[in-house]
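Per-entry structural report
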Amino acid sequence: MRRPLVAGNWKMNTSYAEAQALAQGIRERASASPVEVVLCPPFVWLDLVRRILADTDIALGAQDVFWEDHGPYTGEVSPAQVRELCKYVIVGHSERRTLFNDTYEAVRKKCSAAIAAGLVPILAVGEDAAERESGRTEEVVCAELAAALPEPPSGPIVVAYEPIWAIGRGYPADPEEAQRIARLIRSQLAQLGCDDENTPILYGGSVSAATFEGFVSQPDIDGALVGSASLDAEQFALLVEIASRTQF
Ligand code: PEP
């Protein structure tokens, strides 16, 4: 059985004090959960959050990673550096793809370097509004998966289906539609030689406590990658509680 997973992507939010309070609030509310809980704060607060989460099962993730080990790459962070603090790393988030030109090739290199360093990539895939309207959702999702995973990965991965048009908008996708794409992702993973049955597939895009049960009760959706709602300890803990109640 796949363990449900709820990951919070704090993006470029929180001051030092806010990160401290948020991590403490989540520690108090979600550390006894059977769900795999992952917090992805900004790089600068990773060690702070790691210390707050010490002695809990809550895991830490980075929001991005470079593919080289070390060297003259000003501003970048290597997989080995991330691995000193984190178990997970988000790779291929649509904000990285669209705002920072993370190409298919960059996502592939980041994914394989992360796996080689012992990190678990949370690989984000999903179509934008124009692609959806022109009926290209399946094609885009399959192309992003195949480009990121040209070889079967040599370690575990997580895939997050994140329709771009549903991110940060307050209105999520239809859970049955997300299930259909999650099922497609699972069968595509099998075709690519991946361990499809044991790979958690998450939904991401305006997840809230009001709608989450509809997603996490789908057979191929194992949790969520959460943006806005992960910045509120109570809301985030509620999502963890819903995943736990629905899946166990
Ligand atoms: C995201 O950016 O990955 C995301 C899911 O954001 P939100 O929950 O705010 O839509």
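Presented here is an overview of the structure given in this document. (Residues numbered from 1 in each chain as written. Predicted model: local features only at pLDDT ≥ 70, side-chain atom pairs only at ≥ 80, totals over all residues. Heavy atoms only, no water.)

What follows concerns the packing of helix α1 (residues 16–30) against helix α10 (residues 233–247). At a closest axis distance of 9 Å, the pairing of α1 and α10 adopts a crossing angle of 35 degrees. The two elements α1 and α10 meet at a crossing, and its hand is right-handed. Mapping the contact onto sequence places Leu22, Gly25, Ile26, Arg29 and Ala30 in α1 and Ala233, Glu234, Phe236, Ala237 and Val240 in α10. When grouped by side-chain class, the residues that make up the contact of α1 with α10 number 7 nonpolar, 1 polar and 2 charged. (Axes fitted to C-alpha atoms, helices over the stretch in contact; angles between N-to-C directions. Helix = DSSP H or I, 4+ residues; strand = E, 2+ residues; numbered from the N terminus. Left-handed = near helix turned anticlockwise from the far one by under 90°. Contact = heavy atoms within 4.5 Å. Nonpolar A, V, L, I, M, F, W, Y, C, P; charged D, E, K, R; others polar.)

Glancing now at the sheet that holds strand β3 (residues 59–62). Overall, parallel pairing links the 8 strands, which are arranged β1-β2-β3-β4-β5-β6-β7-β8 in a closed barrel. Going across the sheet, the axis of each strand differs from the next one's by a mean of 25 degrees, ignoring polarity. For strand β2 (residues 36–40) and β3, the ladder comprises 2 bridges, and the chain directions are parallel. Bridging from a neighbouring strand, leucine 39 pairs with leucine 60 of β3. Across the sheet, helix α5 (residues 104–116) lies against β4 (88–91) and β5 (120–125), angled at about 160 degrees from β5, the strand it touches most. (Pairing = 2+ DSSP bridges.)

Once that is clear, we can look at the packing of α5 against helix α7 (residues 137–148). Where α5 contacts α7, the two axes come as close as 8 Å, and the packing angle between them is 50 degrees. In this view, α5 runs oblique relative to α7, as classed from their interaxial angle. Taken together, the residues of α7 that come into contact with α5 (itself represented by Tyr104, Val107, Arg108 and Cys111) are Val140, Ala143, Glu144, Ala147 and Ala148. (Parallel < 35°, antiparallel > 145°, perpendicular 65-115°, else oblique.)

Our next topic: the pattern of salt bridges. Counted by the stated rule, this structure contains 22 salt bridges. For glutamate 36, the salt bridge is made with lysine 87, and the minimal N-O distance between the two is 2.8 Å. Here glutamate 36, found in strand β2, pairs with lysine 87, found in the loop between α3 (79–85) and β4; they are 51 residues apart in sequence, far enough to count as distant. Within the structure, one salt-bridge network assembled from shared partners comprises Arg2, Arg183, Arg186, Glu197, Asp220 and Asp222. (Salt bridge = Lys/Arg side-chain N within 4 Å of Asp/Glu carboxyl O.)

Taken together, 14 residues form the shell around the ligand, and within it Lys11, Glu162, Gly168, Ser206 and Ser228 come nearest. Interatomic distance of 2.7 Å between a side-chain N/O atom of glutamate 162 and an oxygen atom of the ligand. Between serine 206 and the ligand, the recorded distance is 2.7 Å, taken from a backbone N or O atom to an oxygen atom. The cavity where the ligand resides is the second largest pocket. Taken together, the residues of the shell around the ligand break down into 4 nonpolar, 7 polar and 3 charged. (Near = heavy atom within 4 Å. Polar contact = N/O pair within 3.5 Å; in protein donor to acceptor, adjacent residues only side chain to side chain. 1 Å grid on protein atoms, 1.4 Å probe; cavity = no way out; pocket = protein on both sides within 12 Å on 5 of 7 lines; lining within 4 Å. Sits in = over half its atoms within 2 Å of the grid points.)

Overall, the coordinates contain 4 aromatic pairs when judged by the stated rule. Aromatic pair phenylalanine 66 and tyrosine 73: ring centres 5.0 Å apart, planes at 50 degrees, arrangement tilted. Plain terms: the ring middles of tyrosine 203 and phenylalanine 215 are 4.1 Å apart, the flat faces sit at 5 degrees to each other, and that makes the pair stacked. Of the two residues, tyrosine 203 sits in strand β7 (residues 201–204) while phenylalanine 215 sits in helix α9 (residues 212–216), which places them 12 residues apart along the sequence. Overall, the relative accessible area of 1% leaves tyrosine 203 in the buried class. Residue phenylalanine 215 is classed as buried on the basis of its relative accessible area, which comes to 1%. Ring pairing ties together the aromatic residues Phe66, Trp67 and Tyr73, which thus form one cluster. Across the ring face of tryptophan 165, the terminal group of arginine 132 is positioned such that the distance to the ring centre comes to 4.0 Å. (Phe/Tyr/Trp six-rings, centres within 6.5 Å; stacked < 30°, edge-to-face > 60°. Buried < 20%, exposed > 50% of the residue type's maximum accessible area, 1.4 Å probe, protein only. Lys NZ or Arg CZ within 6 Å of the ring centre and 35° of its normal.)

Before going further, it helps to examine unusual backbone geometry. Residue asparagine 101 is not a glycine yet carries a positive backbone phi of 55 degrees. Within the secondary structure, asparagine 101 is located in the loop between α4 (94–99) and α5. Asparagine 101 sits in the exposed class, given a relative accessible area of 58%. The backbone of serine 206 shows a phi angle near 60 degrees, a positive value even though the residue is not glycine. Checked against the element boundaries, serine 206 lands in the loop between β7 and α9. Using a relative accessible area of 19% as the deciding quantity, one classes serine 206 as buried.

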